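Overview (structure and organization)
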Amino acid sequence: MSSLSAKIKDAFDEPACDKNRGKDAKPRKEGCSKSLTPGAAAGGCAFDGAKIVLQPITDVAHLVHAPLACEGNSWDNRGAVSSGPTLWRTSFTTDLTELDLVMGQGERKLFKAIREIKHTYAPPAIFVYSTCVTALIGDDIEAVCKRATEKFGLAVVPINAPGLAGSKNLGNKLAAEALLDHVIGTVEPDDPGPYDINILGEFNLSGEFWLVKPLLDRLGIRVRACIPGDARYRDIASAHRARAAMMVCSTALISLARKMEERWDIPFFEGSFYGISDTSQALRNLVRLLVRKGADPEILERTETLIAQQEAIAWKKLESYRQRLQGKRVLLNTGGVKSWSVVHALMEIGIEIVGTSVKKSTVQDKERIKQVLKHDKHMFESMAARELYAMLSEHRADIMLSGGRTQFIALKAKTPWLDINQERQHPYAGYDGMVELVRQIDLAIHNPIWSQVRQPAPWDCQPDLIGELPCTRNETAYLFDEFACATAHEC
Amino acid sequence: MARILLQSKSAAVNPLKSSQPLGAAFAFLGVDGAMPLFHGSQGCTSFALVLFVRHFKEAIPLQTTAMDEVATILGAADHLEEAIFNLKNRTKPKLIGVCTTALVETRGEDCAGDIANIKLKHTQELAGTEVVLANTPDFDGAIEEGWARAVTAMIEGITRSGERARHPKKIAILPGCNLTVADVEHMRDMVESFGLKPVILPDISGSLDGTVPDRWVATTYGGTSVEDIRELGTAMQCIAIGEHMRRPAKALLGLTGVPYVLFQSLTGLQDTDRFVSLLSSISGAAVPARVRRRRAQLQDAMLDGHFHFGGKKIAIAAEPDQLFQLATFFAGLGSEIAAAVTTTDRSKILEKVPAVSVQIGDLGDLESLAVGADLLVTHSHGRQASERLRIPLMRIGFPVFDRLGSQHKLAILYQGTRDLIFEVANIFQANQHAPTPEALDPLRNREISHERCSPPLAGQ
């Protein structure tokens, strides 16, 4: 475990991370991992985080060395999409049994599993994930992977991020370390060019990167590697020859971006494809970096033309929603980059932001939110389920945008809700994606079910109805009016 | 008698299993005011939670002792104590159901001793909250075992022991985990229609049926009450459903002397007949007219439906009792069980499955055994195999995350069997292939095409 704890320390020593740099020497040494409270913890483990980052690599066989639960309870559960290979959606695990553990057969079973996968599926690489139990019993997956690599002549990459090591975020970082140690730079591309870029931290959820890639294609920019969304192993292995990089998901892969800059001189910037001006800014930053690295400066002008054109189309489409959405109150309950990326465009068409969580946001993220929101009382670290439920059931927001974890708090409070995390059904990146997001908000808020489900049952609504029957001739009609009147408003 | 084929691969491909602690948590979720607690690292809980939410589309109470590296090396008793305390203070549950995971069991921790100490030390603080332990390492068993272990643990930990005065109309029912919310609801109606008073443990129809409460509740709301578990010993008779419920039924018998009857399945005409006869004899009441009517409806559904079942090849992958339930259903309507895959070799029911062999394995095994089948029957993860093999998939069991309402689908007793016949027959009708001259050509290569198409020339 000593090499693992060194890795963890290294992963948290992140000069490119503002949060980290803002601390004194001592707390910085302790790293970012907060200890969890038993009985009051939520969220995934380090293994979960590593798997999230690496699983979307589509032609790799992902083999989880563990008893059943780690893989059996979690496979094929995320919305990343592939344009080709499907092997990444096939689940592989050594499914260790009691006998395997007692007899110490873990390493042997792992080696055999690698051989079976190689023979049946012939993938370009196999990623082997260690987990709590296999770390505890001391299975040396690095040695097994090394031996398998030699014997079978394919890349067998150890991913050393057992769940007990820490949080999902740590797992993200450890996955990046594994790519740096074993994958990136192992293949020399035969066609490097001045317009080659990497996109880091883009997961291609619901295929949303395909809303952006055509824009890059139009500008003549080639995505050498998008890590990890819709990636191929060889793309990542040769990613070190890109000229510039964009880092999309701020906390997950910043160390990867920074270390690639150090090792291979690939400059990067942090940007987002959520929101209209953010998408434009990302395109501008990308071409600027490319020009700085020797690309023809004429691309700058072409980029501006494309941006102007695309923005005009998007704003025009969004304008048609203004009337329907003006003054609607949105609660954003998601971390990181999404909080500030979408805020601007939503406000532009008259939507009010009544709150945004900043739990996973960096200092930089928070600054950006402050700028767009004007006052920071709308920012909250995190909200307990009970509070959130209270806020929503008192109708202090017209819709909540969040991840699946808080979905049922909104729905049980009979409040419109839209998934903007990994299980979402719709692509939201780029210009068209922003329009899609607004369209989905509109559909959610204006769905006719809300007035129906908020209506109490008529017999709960008017208990005295029968006791106060008016004795007029036209009593049925009167009653009906009364009834309709009462049910039309909430009682 | 089916031959049991053990797993010989080293790499499980597309797991069929969900883990044992998940099964135990599932059972605890059928108790009112319950909070299941995984004793392990937080990922164990997170994965199970996400899977539950995807299946039920509900907020699911599930917590973790959040073991880290230090706890893994030095012992996690403190984490367990802290977790129990935090839960007691924050959510005031009536039951904390501790489910161990592979991590804590591989350490070899004495969780029963730890819990006994915690209870002893804090008798007053923990008043009003039962703490029950199910030993459920992930490296053993699957959902059924976990479920049965949790139910056994609740009976052994909560039910008052000793022979008690019996309530002549009270029936204890221990449903297996393959029963849906709709199954449990329907069974209760059936039992009540005989004037009997059923106590169902666990009762997911009260807690996981998708109601909208008027306030935020952190624990389960609805389900078997802890008080009812305590008083199980006053039942006249216990009915267990599914072979995996034999152990809890035996525990109840040993503890209180309440005799049990075990039904391996409640799907199909004959099993339902036995069940209804038993209710009639316990209650001394005649079978109500509407039950008789349901039976007639099932007879009619069998007559109308059997055309679609005869000679069909069915490939099923499910937990042992569910495999038995479905395999006997299909075989009972004239289909052939072409592939039977299950999670564990521990269950005695497997040899009774009407198939030549039962493979202990995963969905990778199902995919290779199901070539040439007419229907795949398994949970949602079978979708990849279904796409690749171009064979329709009937989703059953856990998890079903890409279809709505699986918990409200009925599959037991007269009515459920009737519905199941219609569902399957409709899948076949929707996937019918019109005959082509090539397929019917008498001079075709029969060996190959015999494999591919069974009707109308099968058996020639």
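Residues numbered from 1 in each chain as written. Chains lettered and ligands numbered in written order. Predicted model: local features only at pLDDT ≥ 70, side-chain atom pairs only at ≥ 80, totals over all residues.

1. Focus on the overall build of chain B
Across its full length, chain B holds 19 helices and 15 strands. Against the compact-globule benchmark of 23 Å for 460 residues, chain B has a radius of gyration of 23 Å, which places it among compact chains. Seen along its three principal axes, the alpha-carbon backbone of chain B occupies a region of about 85 × 55 × 45 Å. Counting only residues that meet the buried cut, chain B has 56% of its 460 residues in that class. (Helix = DSSP H or I, 4+ residues; strand = E, 2+ residues; numbered from the N terminus. Rg over C-alpha atoms; globule rule 2.2 N^0.38 Å. Buried ≥ 20, exposed ≤ 12 C-beta atoms within 10 Å, placed from the backbone.)

2. Notes on the overall build of chain A
Helix and strand counts for chain A come out as 23 helices and 13 strands. The proportion of buried residues among the 491 residues of chain A is 48%. For chain A, contacts bridging at least 24 residues in sequence account for 71% of all contacts bridging at least 6. (Contact = placed C-beta atoms within 7 Å.)

3. Some thoughts on the domain arrangement of chain B
Where the parts come together, the accessible area they lose is often given as the size of the interface. All names here are of chain B. Segmentation of chain B into domains returns domain 1 (3–10 + 293–430), domain 2 (20–158) and domain 3 (167–209 + 217–291). Placing the centre of domain 1 and that of domain 2 at their C-alpha centroids yields a distance of 32 Å. Tallying the contact residues gives eleven residues for domain 1 and nine residues for domain 2. Looking at the side of domain 1 that touches domain 2, its residues break down into five nonpolar, three polar and three charged. (Domains from an automatic or database assignment. Nonpolar A, V, L, I, M, F, W, Y, C, P; charged D, E, K, R; others polar.)

4. Notes on unusual backbone geometry
Cis peptide bonds are those with omega within 30 degrees of zero, and the linkage from B:Leu201 to B:Pro202 qualifies with -10°. Take B:Pro202: it is sitting in the loop between β8 (197–200) and α9 (204–207). Geometrically, the link from B:Phe398 to B:Pro399 is a cis peptide bond, its omega value of 0° lying close to zero. Residue placement: B:Pro399 occurs in the loop between β15 (393–395) and α17 (413–430). Even without glycine at this site, A:Lys414 takes up a positive phi of about 55°. Relative to the helices and strands, A:Lys414 is located in the loop between α19 (407–412) and β13 (417–419). A:Lys414 gets classed as partly exposed once you count the C-beta atoms within 10 Å, which come to 16. The phi torsion at B:Leu413 lies on the positive side, around 60°, for a residue other than glycine. Positionally, B:Leu413 belongs in helix α17. Here B:Leu413 falls in the buried class, since 25 other C-beta atoms lie within 10 Å of it.

5. Overview of helix α1 (residues 20–28) of chain B
Note on helix geometry: an α-helix contains 3.6 residues per turn, so any two residues three or four positions apart are oriented the same way. In terms of residue burial, α1(B) counts as a mostly covered element, since nine of its nine residues are buried. Taken together, the buried positions of α1(B) are B:Gln20, B:Pro21, B:Leu22, B:Gly23, B:Ala24, B:Ala25, B:Phe26, B:Ala27 and B:Phe28. Close packing links the buried residues of α1(B) with α5 (68–72) of chain A together with β3 (34–39), α2 (42–56), β5 (95–100), β6 (130–134) and α7 (143–158) of chain B.

6. Re the nonpolar core
Inside soluble globular proteins, nonpolar side chains tend to come together where they are buried. With 274 residues, the main nonpolar core has A:Leu63, A:Val128, A:Ile236, A:Ala245, B:Ile316 and B:Ala340 as its most contacted residues. Among the elements that make up this core, the one with the highest residue count is α2(B) (nine residues). Those residues within four positions of A:Ala245 in sequence are excluded, and the remaining contacts are A:Ile197, A:Asn198, A:Leu200, A:Ala257, A:Met260, A:Ile266 and A:Phe268. (Core = buried A, V, L, I, M, F, W, Y, C linked by C-beta atoms within 7 Å.)

7. Considering the environment of A:Arg89
For A:Arg89, the position within the fold is in the loop between α5 and β2 (92–93). Discounting residues that sit within four places of it in the chain, A:Arg89 has contacts with A:Asp76 and B:Gln384.

8. Remarks on the interface of chain A and chain B
Chain A puts 53 residues into the contact, and the matching count from chain B is 53 residues. Of all the elements in the fold, those that place two or more residues in the side of chain A that touches chain B are α4 (46–54), α5, β2, α6 (98–103), α7 (106–121), α8 (132–136), α18 (385–393) and α19 of chain A. Among the elements that line the side of chain A that touches chain B, the one with the most residues is α7(A), at five residues. Grouping the constituent residues of the side of chain A that touches chain B by class yields 26 nonpolar, 16 polar and eleven charged. Pairing geometry for β2(A) and strand β2 (residues 12–13) of chain B, over two bridges, is antiparallel. Each residue of the ladder has a partner; that of A:Phe92, found in β2(B), is B:Val13. (Pairing = 2+ DSSP bridges.)

9. Looking at the confidence of the model for chain B
All names here are of chain B. Of the residues in chain B, 97% reach a pLDDT of 70 or more, and the chain-wide mean stands at 93. In the model, residues 449–460 has pLDDT below 50 throughout and makes ten contacts with residues more than four positions away in sequence or in other chains. Listed scores for the predicted complex are pTM 0.90 and ipTM 0.90. (pLDDT = per-residue confidence, 0-100.)

10. Looking at the sheet that holds strand β12 (residues 336–342) of chain B
Residues and elements named next belong to chain B. Taken in spatial order, the six strands of this open sheet run β1-β13-β12-β11-β14-β15, and their pairing is parallel. Edge positions in the open sheet fall to β1 (3–5) and β15, since each of these has one partner strand only. Neighbouring strand axes in the sheet, compared pairwise and without regard to direction, differ in orientation by 20° on average. Pairing of strand β11 (residues 313–317) with β12 involves five bridges; the strand directions are parallel. Looking across to β12, one finds that Ile316 is bridged to Ala340. Here helix α14 (residues 320–332) sits on the sheet in contact with β11, β12 and β14 (375–378), set at roughly 175° to β12. (Axes fitted to C-alpha atoms, helices over the stretch in contact; angles between N-to-C directions.)

11. Observations concerning the sheet that holds strand β7 (residues 167–175) of chain B
Residues and elements named next belong to chain B. Ordered by their spatial adjacency, four strands build an open sheet running β8-β7-β9-β10, and the pairing between neighbours is parallel. The strands lining the two open edges of the sheet, one partner per strand, are β8 and β10 (260–263). This sheet shows a mean twist of 25° between the axes of neighbouring strands, independent of strand direction. In the sheet, strand β9 (residues 235–241) pairs with β10 via four bridges, with the strands oriented parallel. Bridging from a neighbouring strand, Cys238 pairs with Tyr260 of β10. The sheet strands contacting helix α8 (residues 181–192) are β7 and β8, and the helix crosses β8 at an angle near 155°.

12. Points about the environment of A:Ala244
All names here are of chain A. Along the polypeptide, Ala244 turns up in strand β7 (residues 244–247). For Ala244 and Asp265, which are 21 residues apart along the polypeptide, the C-alpha to C-alpha distance reads 8.6 Å. Once residues within four sequence positions are removed from consideration, Ala244 is found in contact with Ile197, Ile266, Pro267, Leu286, Leu289, Leu290 and Lys293.

13. Some points on the packing of helix α14 (residues 276–292) of chain A against helix α15 (residues 298–325) of chain A
Residues and elements named next belong to chain A. Running from N to C, α14 and α15 cross one another at 170°; their axes reach a closest spacing of 10 Å. One way to sum up the angle between α14 and α15 is to call them roughly antiparallel. Residues Ile276, Ser280, Leu283, Arg284, Val287, Leu290 and Val291 of α14 form the contact with α15, whose own contacting residues are Ile299, Leu300, Thr303, Ile307, Glu311 and Ala314. (Parallel < 35°, antiparallel > 145°, perpendicular 65-115°, else oblique.)

14. Quick look at the packing of α15(A) against helix α20 (residues 430–445) of chain A
All names here are of chain A. Put simply, α15 and α20 touch, their axes get as near as 9 Å, and they point 10° apart. Between α15 and α20, the interaxial angle falls into the category roughly parallel. Contacts from Gln310, Glu311, Ile313, Ala314, Lys317, Leu318, Tyr321, Arg324 and Leu325 of α15 reach α20 at Tyr431, Met434, Val435, Val438, Ile441 and Asp442. Residues that form the contact of α15 with α20 fall into these classes: ten nonpolar, one polar and four charged.

15. Section: α14(A)
Residue and element names in this part refer to chain A. With 17 residues, α14 should cover 24 Å at 1.5 Å per step; its first-to-last C-alpha distance of 25 Å lies within 8% of that length. Ile276, Asp278, Thr279, Ala282, Leu283, Leu286, Val287 and Leu290 are the residues of α14 that are buried. Just downstream of α14, Gly294 is the residue with a positive phi angle, here 110°. (Expected span 1.5 Å × (residues − 1).)

16. Regarding the environment of A:Asn204
Residue and element names in this part refer to chain A. Checked against the element boundaries, Asn204 lands in the loop between β5 (196–202) and α11 (213–218). On the basis of neighbour counts, which here come to 25 C-beta atoms within 10 Å, the residue Asn204 falls in the buried class. Look past the residues within four positions of Asn204 in its chain and what remains in contact with it is Pro56, Ala80, Val81, Phe209, Cys226, Gly229 and Asp230.

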